[in-house]
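# Close look at the chain arrangement
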Amino acid sequence: MAIREILTYPEPLLKKLSKPVDEVGDEIKTLISDMLETMYEAPGVGLAAPQVGVLKRVIVLDIEYKEGERQPIVLVNPEIIESSGETTYEEGCLSIPEYNAEVVRASEVTVNGLDGEGHPLSIKADGLLAIALQHEIDHLDGILFVDRLGSMKRDIFRRKYKKLMKERAEAS
Ligand code: NI
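These lines cover the structure that appears in this document, whether it is placed above or below. These numbers were taken from a predicted model, which means no experiment stands behind them.

Parameters at a glance
- Residues numbered from 1 in each chain as written.
- Predicted model: local features only at pLDDT ≥ 70, side-chain atom pairs only at ≥ 80, totals over all residues.
- Heavy atoms only, no water.
- Helix = DSSP H or I, 4+ residues; strand = E, 2+ residues; numbered from the N terminus.
- Rg over C-alpha atoms; globule rule 2.2 N^0.38 Å.
- Buried < 20%, exposed > 50% of the residue type's maximum accessible area, 1.4 Å probe, protein only.
- Contact = heavy atoms within 4.5 Å.
- Areas by Shrake-Rupley, 256 points an atom, 1.4 Å probe, with all protein chains shown as cover.
- Lys, Arg positive; Asp, Glu negative; His and termini not counted.
- Charge placed at Lys NZ, Arg CZ, Asp CG, Glu CD.
- Donors = N, O, S within 2.8 Å, 3.2 Å for Na, K, Ca; no water.
- 1 Å grid on protein atoms, 1.4 Å probe; cavity = no way out; pocket = protein on both sides within 12 Å on 5 of 7 lines; lining within 4 Å.
- Points joined across faces, edges and corners; volume = space filled by probe spheres on them.
- Pairing = 2+ DSSP bridges.
- Axes fitted to C-alpha atoms, helices over the stretch in contact; angles between N-to-C directions.

### Details of the overall build of the chain
Across its full length, the chain carries three helices and seven strands. The order of α-helices and β-strands along the chain, N terminus first, is α-β-β-β-β-β-β-β-α-α. The C-alpha atoms of the chain give 16 Å as radius of gyration, which agrees with the globular expectation for 172 residues (16 Å, within 12%). Dimensions of the chain, computed from the C-alpha atoms along their principal axes, are close to 45 × 40 × 35 Å. Here the chain holds 172 residues, and 43% of them are scored as buried. Considering only intrachain contacts with a sequence separation of at least 6, the fraction spanning at least 24 residues in the chain is 64%. With the model as given, the accessible surface of the chain reaches about 9500 Å², and the carbon-plus-sulfur share is 49%. Placing the 21 positive and 31 negative side-chain charges of the chain at their respective mean positions leaves the two points 9 Å apart.

Right, here's the structure in full:
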C-alpha cells in the first residue's frame with residue numbers, strides 16, 4: 001500500500017473523463033488499496049481515481065470513518081441508476097483545499113457497480129452517503145463540485161481561489 005499524491009485544482013487531468021475498468025485485476029486492486037490509504041491519510045470521506053492521476057472509473061468512500069473504525073466502500077464502474085429528491089449540503093473536496101460551498105444534489109440515489117473484488121454491488125443511499133456518491137462519481141466525469149455552483153458563486157470561487165493560490169505560492 002502506498003499513499004499517492006492528490007492532484008489539486010486547477011490540474012487539467014481533473015477535468016477529463018475516466019474510462020471504465022475492464023477487469024478488477026491486480027493493478028486495480030493495488031489502485032484501490034492505495035486510494036483507501038490516501039483517503040484515510042488525507043483525511044477525507046471519499047476519493048476518486050482521477051484525483052490520484054488515474055483516469056479509471058474507481059471510487060472509494062468512508063463517510064463513517066472515526067478513530068480507526070474503517071468501513072470502506074469501494075465501487076468500480078459506478079453508475080447512478082436512480083435518483084430522487086433534492087438536498088443541499090456544504091461540500092469540500094481533497095482536490096480543492098480550503099474551500100467549501102453549498103451544492104444542490106439528489107437526496108436519494110441507487111448506484112450499481114462492482115465491488116473491490118469485481119462482484120456486482122448495488123447501493124441505495126440517502127443522507128451524506130448519497131451526496132458523497134454523487135460527488136465522487138462526478139469526478140469520473142471530470143466534474144468538480146464547484147462546477148455545480150451557480151455562475152455567480154463560481155465566479156466568486158475562481159477569484160477567491162486565485163488569491164488563495166497566490167498567497168500559497170508566496171508563502172512557500
Ligand atoms: Ni472531490
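That covers the picture; the talk isn't over yet.
### Some remarks on unusual backbone geometry
Between Tyr9 and the following residue, Pro10, the backbone shows a cis peptide bond with an omega angle of 5 degrees. Non-glycine residue Glu98 carries a positive phi angle of around 65 degrees. Locating Glu98 in the fold gives a position in strand 5 (residues 96-105). Look at Glu98 and you get exposed, because its relative accessible area is 59%.

### Re the coordination of the nickel ion
At 2.1 to 2.3 Å from the nickel ion lie its protein donor atoms, namely Cys93 (SG), His135 (NE2) and His139 (NE2). When the donors of the nickel ion are listed by position in the chain, the intervening gaps give C-x41-H-x3-H. With His135 and His139 both in helix 2 (residues 127-140) and four residues apart, this pair spans about one turn of that helix.

### Quick word on the layout of surface pockets
Vacant regions in the atomic arrangement are exposed by a probe of water-molecule size rolled over the atoms. Its boundaries defined by the atoms lining it, the largest pocket holds a volume of some 260 Å³. In terms of lining residues, the largest pocket is bounded by 16 residues, among which Val45, Glu91, Gly92, Leu128 and His135 are the most central. For the lining of the largest pocket, the secondary-structure elements that each account for two or more residues are strand 4 (87-93) and helix 2. For the lining of the largest pocket, the leading source of residues is helix 2, giving six residues.

### Structural notes on the sheet that holds strand 1 (residues 46-48)
Read across the sheet, five strands follow the order 1-2-3-6-7 without closing on themselves; strand pairing throughout is antiparallel. Only two strands of the sheet have a single neighbouring strand rather than two, namely strand 1 and strand 7 (120-126). This sheet shows a mean twist of 40 degrees between the axes of neighbouring strands, independent of strand direction. Two elements, strand 1 and strand 2 (residues 58-61), share three bridges in a ladder whose sense is antiparallel. Among the inter-strand pairings, Gly46 is bridged to a residue of strand 2, identified as Leu61. Its contacts with the sheet put helix 1 (residues 26-41) on strand 1, strand 2 and strand 3 (73-84), and the angle it makes with strand 2 is roughly 35 degrees.

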